[in-house]
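What the coordinates show
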Amino acid sequence: NAISWTALISGYVSNGRLEQAIRSIAWMQQEGFRPDVVTVATVLPVCGELRALKHGKEIHAYTVKNWFLPNVSLTTSLMIMYSKCAVLEYSVKLFDGMDQRNVISWTAMIDSYVENGHLIESVDVFRSMQLSKHRPDSVAMGRMLSICDPLLAKEIFDYASRQPGFRHSYASYIILILKLGRSNYFSQVDNLLIRLKSDHFPVTPTLFTYLIRIYAEVNKPDKALKTFHTMLEFSCIPLPKHLNRILEIAVSHRNYLRPAFDLFKKAHRYGVLPNTKSYNILMRAFCFNGDLSVAYQLFNQMFKRDVVPDIESYRVLMQGLCRKSQVNTAIDLFEDMLNKGYVPDSLSYTTLLNSLCRKKKLREAYKLLCRMKVKGCNPDIVHYNTVILGICREERAMDACKVLEDMEANGCLPNLVSYRTLVGGLCDQGLLDEAKKYMVEMLSKGFAPHFSISHSLIKGFCNVGRIEEACGVLGEVLKY
């Protein structure tokens, strides 16, 4: 019977088999059963989703022929179907012809205009709805607040607030607060937060997560810091992730490093316990600021507070020490890291290698490079190139040749930077034959030397009267 067919069609719709649902209408009629209002109402949304305008029109004609109209619910479904099929004029005609409307039909008309890009008309319908006996519900209000510019949205919000018996939903508050925040209307945001509190809504941490993100986007560290206390005013205990994001925003501005540190120190009073990331954020900031002693204090404090440092904790402090040319202390910290069972990451090794080379501790740098694989971190091209550059700076280019050979033996192929650095170093020492050898190897691998490198080699040969070799180098370079 018709009820069974309707149940079958509903099953198809629930399982996403929309085309079968539409075809079932035809099969139903072929079997001699007439679709009723419920069946039609079930299939119309499917026509809209599939943009099946032809089938939608046939069902519309069927409803007229069988006197199913006027019916508010059915007319609303037809409006939505035509809107999804981008035939807005049919939706408008149906809406204008309705003798009776409800909140759903008003909202459907607003949505129809919005989906088809007619925002001004959607606002007009919303205003008409406000003047009708049907007051906008939270769905219609949320829709309008989403599409309007911030100040118009605020005007609509305030107008609705003045209507007798109307109460905004929590979602409407959230939409408007975030919209105003993204447009830098922060005083309006503060006023809305006060109203939200006075309306006794249970505020979730998600709202403040979004607000903190907005303050980061618009570069407002003072607002971000204030958000921590605002959360407490709403009896909403900040999570460590909120604290960390606020700290990140604040420390990115040098003038807010101390306020961020103050917040960090007193966070535990409010039940917010800083975690490893919290310490890392502040340690990094103090290292960049040159306050290495404070960063060290924070590092030692982690062990006292039962906060477990991670690889980043050690790396941040090692980087700070290396910036202050305290490479021996950085190496000691590195050894402590290994003794505690940590496996240093690639960036930690890069930091130490670069610092050792700059301090002309080339033997220690090479030893560290050799230890990497044993300690669970395979050296990559950056590590090798760092050591090659450091050795060449000290005019020990032949030692750099050995590093290049080690690279290939360990499965790390030299790149353009490797060859360019090595050839340049050999030329600077007058080792022209070795430089030529590596430049030919470089060219054979498809790497084009920088003009300065080929120029150094050609000039070097010319200076010692080896004009033919200079011409040969020029010829090789021109080939590529």
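Residues numbered from 1 in each chain as written. Predicted model: local features only at pLDDT ≥ 70, side-chain atom pairs only at ≥ 80, totals over all residues. Heavy atoms only, no water.

Let's talk about the overall build of the protein chain
Broken down by element type, the protein chain carries 28 helices and zero strands. In summary, the protein chain has a C-alpha radius of gyration of 36 Å against a globular reference of 23 Å for 480 residues, an excess of more than 25%. Along the three orthogonal principal directions, the C-alpha set of the protein chain runs to about 105 × 60 × 40 Å. Within the protein chain, buried positions represent 47% of all 480 residues. (Helix = DSSP H or I, 4+ residues; strand = E, 2+ residues; numbered from the N terminus. Rg over C-alpha atoms; globule rule 2.2 N^0.38 Å. Buried < 20%, exposed > 50% of the residue type's maximum accessible area, 1.4 Å probe, protein only.)

Remarks on the UniProt feature "repeat: PPR" (unreviewed entry) in the protein chain
UniProt tags residues 1–35, 102–136, 204–238, 275–309, 310–344, 345–379, 380–414 and 415–449 as "repeat: PPR" (unreviewed entry). Across residues 275–309, the secondary structure splits into 74% helix and 0% strand, with the terminal C-alpha atoms separated by 9 Å. The annotated region residues 345–379 carries 74% helix and 0% strand content, and the separation between its end C-alpha atoms amounts to 10 Å. (UniProt positions renumbered as here; feature names shortened; annotations may be inferred.)

Let's talk about the side chain of Ser355
Tracing the chain through its elements places Ser355 in helix H21 (residues 346–358). Judged by relative accessible area, which is 7%, Ser355 ranks as buried. For Ser355, the residues in contact, after removing those within four places along its chain, are Cys322 and Val327. (Contact = heavy atoms within 4.5 Å.)

Quick notes on the pattern of salt bridges
Per the stated rule, a full pass over the model turns up 18 salt bridges. A salt bridge links Arg315 to Asp345; the shortest N-O distance between them is 2.3 Å. Residue Arg315 is located in helix H19 (residues 311–323), and its partner Asp345 is located in the loop between helix H20 (327–339) and H21; the two are separated by 30 residues in the primary sequence. For Arg315, a relative accessible area of 13% translates into the label buried. (Salt bridge = Lys/Arg side-chain N within 4 Å of Asp/Glu carboxyl O.)

A short note on the layout of surface pockets
Where empty space is left in the structure can be found by rolling a water-sized probe over the atoms. Taken as a whole, the largest pocket holds about 300 Å³ of empty space. In terms of lining residues, the largest pocket is bounded by 14 residues, among which Pro70, Thr75, Leu94, Gly97 and Met98 are the most central. Those elements that provide at least two residues to the lining of the largest pocket are helix H5 (72–84) and helix H6 (88–96). For the lining of the largest pocket, the class distribution of residues is seven nonpolar, five polar and two charged. (1 Å grid on protein atoms, 1.4 Å probe; cavity = no way out; pocket = protein on both sides within 12 Å on 5 of 7 lines; lining within 4 Å. Points joined across faces, edges and corners; volume = space filled by probe spheres on them. Nonpolar A, V, L, I, M, F, W, Y, C, P; charged D, E, K, R; others polar.)

Regarding the environment of Ile388
Summarising the element assignment, Ile388 is placed in helix H23 (residues 381–393). Once the C-alpha coordinates of Ile388 and Tyr366 are considered, the two residues, 22 residues apart in sequence, prove to be 9.5 Å apart. Excluding anything up to four places from it in sequence, Ile388 contacts Ala400, Val403, Leu404, Met407, Ser418, Thr421 and Leu422.

Here's the deal with the packing of aromatic side chains
How two aromatic rings sit relative to each other is set out by the distance from centre to centre and by the angle between their planes. Counting across every chain of the model gives 17 aromatic pairs. Pairing Tyr170 with Phe201 gives two aromatic rings, centres 6.1 Å apart and planes at 35 degrees, and the pair type is tilted. Highlighted residues: Tyr170 in helix H11 (residues 170–182) and Phe201 in the loop between helix H12 (186–198) and helix H13 (205–217), separated in sequence by 31 residues. When the centroid spacing of 5.1 Å and the interplanar angle of 55 degrees are considered together, the rings of Tyr314 and Tyr342 count as tilted. You can see Tyr314 sitting in helix H19 and its partner Tyr342 sitting in the loop between H20 and H21, a full 28 residues away along the chain. Assigned by exposure class, Tyr314 and Tyr342 land together as buried. (Phe/Tyr/Trp six-rings, centres within 6.5 Å; stacked < 30°, edge-to-face > 60°.)

Observations concerning the packing of helix H17 (residues 276–288) against helix H18 (residues 292–304)
Following both chains from N to C, one finds H17 and H18 inclined at 165 degrees, their axes separated by 8 Å at the closest point. As judged from the angle between their axes, H17 and H18 are roughly antiparallel. Where H17 crosses over H18, the handedness of that crossing is left-handed. Here Thr276, Tyr279, Leu282, Met283, Phe286 and Cys287 of H17 lie close against H18, whose contacting residues are Leu292, Val294, Ala295, Leu298, Phe299, Gln301 and Met302. Among the residues making up the contact of H17 with H18, the classes are represented as 11 nonpolar, two polar and no charged. (Axes fitted to C-alpha atoms, helices over the stretch in contact; angles between N-to-C directions. Parallel < 35°, antiparallel > 145°, perpendicular 65-115°, else oblique. Left-handed = near helix turned anticlockwise from the far one by under 90°.)

Overview of the packing of helix H16 (residues 257–266) against H18
Relative to each other, H16 and H18 sit at 15 degrees, their axes nearing to 14 Å. Regarding the angle of H16 to H18, the classification is roughly parallel. Both H16 and H18 take part in a crossing whose hand is left-handed. Each of Arg258, Phe261 and Phe264 in H16 lies in contact with H18, whose residues at this interface are Val294, Leu298 and Gln301. Of the residues contributing to the contact of H16 with H18, the split by class is four nonpolar, one polar and one charged.

Focus on H21
When the terminal C-alpha atoms of H21 are compared, their 18 Å separation across 13 residues agrees well with the 18 Å that a helix rising 1.5 Å per residue should span. Residues of H21 that are buried: Ser348, Tyr349, Thr350, Thr351, Leu352, Leu353, Ser355, Leu356 and Cys357. Summarising the contacts, the buried residues of H21 are in contact with H19, H20, helix H22 (362–374) and H23. (Expected span 1.5 Å × (residues − 1).)

Here we look at helix H7 (residues 103–115)
Taking 1.5 Å per residue as the helical rise, H7 with its 13 residues ought to reach 18 Å, and the 18 Å between its terminal C-alpha atoms agrees with that figure. Among the residues of H7, Ser105, Trp106, Thr107, Ala108, Met109, Ile110, Ser112, Tyr113 and Val114 are the ones counted as buried. Packed against the buried residues of H7 are H5, H6, helix H8 (119–131) and helix H9 (138–147). The backbone nitrogen of Ile104 lies 3.1 Å from a side-chain oxygen of the residue at the head of H7, namely Asn102. Two residues or fewer after H7 comes Gly117, characterised by a positive phi angle close to 80 degrees. (Polar contact = N/O pair within 3.5 Å; in protein donor to acceptor, adjacent residues only side chain to side chain.)

Considerations on unusual backbone geometry
Residues apart from glycine generally show negative phi values, whereas peptide bonds are mostly found in trans. That bond from Leu69 to Pro70 is cis: its omega, 0 degrees, falls within 30 degrees of zero. Position of Pro70 among the secondary structure elements: in the loop between helix H4 (53–65) and H5. A positive phi angle, close to 65 degrees, is found at Lys360, a residue other than glycine. Tracing the sequence through the fold places Lys360 in the loop between H21 and H22.

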